[in-house]
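Coordinates in review
Listed below, chain by chain, are the residues.
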Amino acid sequence: MSTSVVLQQMGVITILVAIGIILYKKKIVDDYTSPKLSAIVMDVCNPALILASLLSGNITATHKDLLVALLLGFLFYMGLVVLGFIFPFIVRADKDTSRFYNVMTVYTNVGFIGIPVARAILPDNAILYVIVCNVMYSLLFYTHGIVILSNGKEKMNIKKIFSPGTIMAILSLLVFWFGVNLPPIVSNSISFIGNATVFLSMTLLGVGIARSDIKKGLKNIRIWIYIAIRMLLVPILLFVSLRAANFSQITILGLCLMAAMPIGNLPLIQTEKMGGDTELLSNSIAISTFISIFTITILMSIFSSMVY
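Residues numbered from 1 in each chain as written. Predicted model: local features only at pLDDT ≥ 70, side-chain atom pairs only at ≥ 80, totals over all residues. Heavy atoms only, no water.

Looking only at helices and strands, the protein features 15 helices and 0 strands. Counting only residues that meet the buried cut, the protein has 52% of its 308 residues in that class. In the protein, once contacts between residues fewer than 6 apart in sequence are set aside, the share between residues at least 24 apart is 84%. Counting only carbon and sulfur atoms, one obtains 66% of the accessible surface of the protein, whose full area is about 14,100 Å². (Helix = DSSP H or I, 4+ residues; strand = E, 2+ residues; numbered from the N terminus. Buried < 20%, exposed > 50% of the residue type's maximum accessible area, 1.4 Å probe, protein only. Contact = heavy atoms within 4.5 Å. Areas by Shrake-Rupley, 256 points an atom, 1.4 Å probe, with all protein chains shown as cover.)

Here you go:
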């Protein structure tokens, strides 16, 4: 994968995001339809895209590759959990906002944004790392994430771990492991559904940016520190570590892309359910998402040129 390919694909994604902004400004997609479309993407299109990627026949990864992905994914998220506890002290967050900076550090958008971006700019075998990160995300958020956000008041919700996305991710890993071949009518249907993911998710991303108060968030220096550390420094350190350990190009690019993702939406949704103040999360998600268009392009272009 050359630098020009990354730039071209991220340019396409930028155009799709811009379409989302225009659709919101024109009131074609509003605050009522956006959550409905988001649910379709998360529960139907994204899971279908994951499975369609594995059914395409273009993946040449081995069982050993999957085991390596599982191990690295586990270590990666354990490292993020530790960093999540440290980060509030780095930015000197007050008692009320420490928990938000904690979950922002751990729970980035590896699903809604990560899956379509990876599908657009990475080789097919990298989907293993995307799937693993999504499984780890779900396992952690409804256990560790819930407890952190509620300051220990909420209990772990094991049932919510098994969302459609998580179930499909686990199913996809099983399909890959056992080499299951589905009937053409099923696999083709899954492929058509999955193909809608990139357009819908990126336009909805634009909608989210359009309706957020980015100007206010831009004045928060702590958000910029977050971007510098979590979205730039962490992927760079991960890249250096994986390359020094002589991991494959696919492994390096797959995990580093997941490490460069902006803040995810689940912490915001959960905070709203608990009746908490969502201003910091909302502004941080909007700014990190917008900036990620540029940071991901720059990082992946550099990383690609160095491993190929």
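The subject of this paragraph is helix α5 (residues 114-121). Of all the 8 residues making up α5, 6 are buried; the element is thus mostly covered by neighbouring parts of the structure. Among all positions of α5, only G114, I115, P116, V117, A118 and I121 are buried.

Here we come to the pattern of salt bridges. Taken as a whole and judged by the stated rule, the model has 1 salt bridge. Here R119 makes a salt bridge to D124, at a shortest N to O gap of 3.4 Å. For R119, a relative accessible area of 32% gives the class partly exposed. (Salt bridge = Lys/Arg side-chain N within 4 Å of Asp/Glu carboxyl O.)

Further remarks concern the nonpolar core. Residues Y77, V117, L122, I131, M202, L257 and M300 are the most contacted members of the largest nonpolar core, which totals 95 residues. With 16 residues, the single largest contributor to this core is helix α6 (residues 127-149). Beyond its immediate stretch of four places on either side in the chain, I131 contacts I50, L54, A169, S172 and L173. (Core = buried A, V, L, I, M, F, W, Y, C linked by side-chain atoms within 4.5 Å.)

Moving on, we get to the packing of aromatic side chains. This structure, assessed with the given rule, holds 9 aromatic pairs. Relative to Y226, the ring of F87 has its centre 5.8 Å away and its plane inclined at 85 degrees; by these criteria the two rings are edge-to-face. One end of the pair, F87, is in helix α3 (residues 63-90); the other, Y226, is in helix α12 (residues 221-244), and 139 residues separate them in sequence. Comparing F87 with Y226, the two get one shared label, buried. When the centroid spacing of 5.2 Å and the interplanar angle of 85 degrees are considered together, the rings of F141 and Y142 count as edge-to-face. Looking at F141, the relative accessible area reads 0%, which means it is buried. Judged by its relative accessible area of 13%, Y142 falls in the buried class. One aromatic cluster is present, built from ring pairs that chain together Y107, Y137, F141 and Y142. (Phe/Tyr/Trp six-rings, centres within 6.5 Å; stacked < 30°, edge-to-face > 60°.)

Overall, the prediction assigns the protein a mean pLDDT of 86, with 96% of residues at 70 or greater. The least confident element of the protein is helix α7 (residues 158-161), whose mean pLDDT is 70; the most confident is α12, at 96. (pLDDT = per-residue confidence, 0-100.)

This brings us to the environment of S4. Along the polypeptide, S4 turns up in helix α1 (residues 3-25). The partly exposed category is assigned to S4, whose relative accessible area is 39%. Along the chain, S4 and L238 lie 234 residues apart, while their C-alpha atoms are 23 Å from each other.

With that out of the way, let us pick up helix α4 (residues 98-106). Here α4 lies mainly inside the structure; 8 of its 9 residues are buried. Check the buried side of α4 and you find it contacts α3, α6, α12, α14 (266-273) and α15 (279-307).

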